[in-house]
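Structure at a glance
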Amino acid sequence: MSAPDAAAIIESAKEIDRLRDELKEVIQEINKLHKKLQTTPEVVERPGDNTLSRLRYLYTQGKELSQNEENVSNQLLKQLDALLPSGPSGKQKRRIGTAEGNDLKKKRMKTDSDIQKLSTSMRNHLDIYANLKGEEVAARVRVEGDKEEWLVVKVQSFDRETRLFEVVDEEPAEDEEGGVQRKYKLPTSHIIPFPKKTEPGSAQDYPPGRPVLAVYPGTSALYKATVVNANRKRKTDE
């Protein structure tokens, strides 16, 4: 084997290692974004958030790296075949090609599986939001200028395309004639569902010292409070 031939093979092998290292970094960053979206899917609603565009870029980059790795691997196989006196048998060639192909196929299957998991998680969240129709929830609304406050409102509808809730404050506004009920369109990040009254066990048990939102008795207004005593079990469902 001549020096130029050996150098070409070494360069091809180094290029494969480099591509695999880059692909590994891309996959690690994709997994981080997946975890971020699964734990806090509402981040995509925030102004200026680029999570989804970044994820799309990473998938595109990963696809290009995989294709480049496949091209360099095929080039390396040709370089090795040209140097072997008799070359491996057709059966051996098929085995080598199959092994490389299986590795690439597994990588693509993992990527497809990650996309499917992300899509399933997003669909599940959208289903949960849609099922809140007619339910009371806590909502952060703008009342005066840039002033915001939390209110108890009722969900009238949820738009899956825009991911906006339409809610109504059923307590008539005191500063408007005729007792008009105020309506709002809010993103998912401004909504907190309440535990269902039919499922007492679904209520979270907050430890003393935990900051929470509490309801003023007999009103639809919420205020910031701190838990003093932990939840006590009662014989009734009140």
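Thresholds applied
- Residues numbered from 1 in each chain as written.
- Predicted model: local features only at pLDDT ≥ 70, side-chain atom pairs only at ≥ 80, totals over all residues.
- Heavy atoms only, no water.
- Pairing = 2+ DSSP bridges.
- Helix = DSSP H or I, 4+ residues; strand = E, 2+ residues; numbered from the N terminus.
- Axes fitted to C-alpha atoms, helices over the stretch in contact; angles between N-to-C directions.
- Buried < 20%, exposed > 50% of the residue type's maximum accessible area, 1.4 Å probe, protein only.
- Contact = heavy atoms within 4.5 Å.
- Phe/Tyr/Trp six-rings, centres within 6.5 Å; stacked < 30°, edge-to-face > 60°.
- UniProt positions renumbered as here; feature names shortened; annotations may be inferred.
- Expected span 1.5 Å × (residues − 1).

Next up on the list: the sheet that holds strand β4 (residues 182-187). Within a sheet, adjacent strands bond to each other through the backbone by hydrogen bonds, running parallel or antiparallel. Spatially, β4-β3-β2-β1-β5 is the arrangement adopted by the five strands of the open sheet, whose pairing is antiparallel. Each edge of the open sheet carries a strand with a single partner, namely β4 and β5 (191-193). On average, each strand axis in the sheet is inclined to that of its neighbour by 40 degrees, with strand direction left out of account. Sheet topology note: the strand β3 (residues 164-169)/β4 ladder contains six bridges and is antiparallel. In the sheet register, D169 faces β4, and the bridge partner there is R182.

Attention shifts here to the side chain of H190. Considering the arrangement of structural elements, one finds H190 in the loop between β4 and β5. By relative accessible area, which is 16% here, H190 ends up buried. For H190, the contacting residues outside a window of four places in its chain are A138, A139, R140, E148 and W150.

Pairs of aromatic rings are described using the distance from one ring centre to the other and the angle between the two planes. Scanning all chains against the criterion turns up three aromatic pairs. Residues F158 and F165 carry aromatic rings whose centres are separated by 4.7 Å and whose planes lie at 45 degrees to one another, so their mutual orientation is tilted. Across the pair, F165 and F158 agree in class, each one buried.

Turning next to the UniProt feature "coiled-coil region" (unreviewed entry) in the protein. Those places that UniProt annotates as "coiled-coil region" (unreviewed entry) correspond, in this numbering, to residues 9-40. Along residues 9-40, the helical share is 97% and the strand share 0%, with 47 Å between the first and last C-alpha atoms.

Here helix α2 (residues 51-83) contains 33 residues, and its C-alpha end-to-end distance of 48 Å stays within 8% of the 48 Å for a straight helix at 1.5 Å per residue. Burial in α2 covers these residues: T51, L55, L58, Y59, G62, L65, S66, E69, V72, S73, L76 and Q79.

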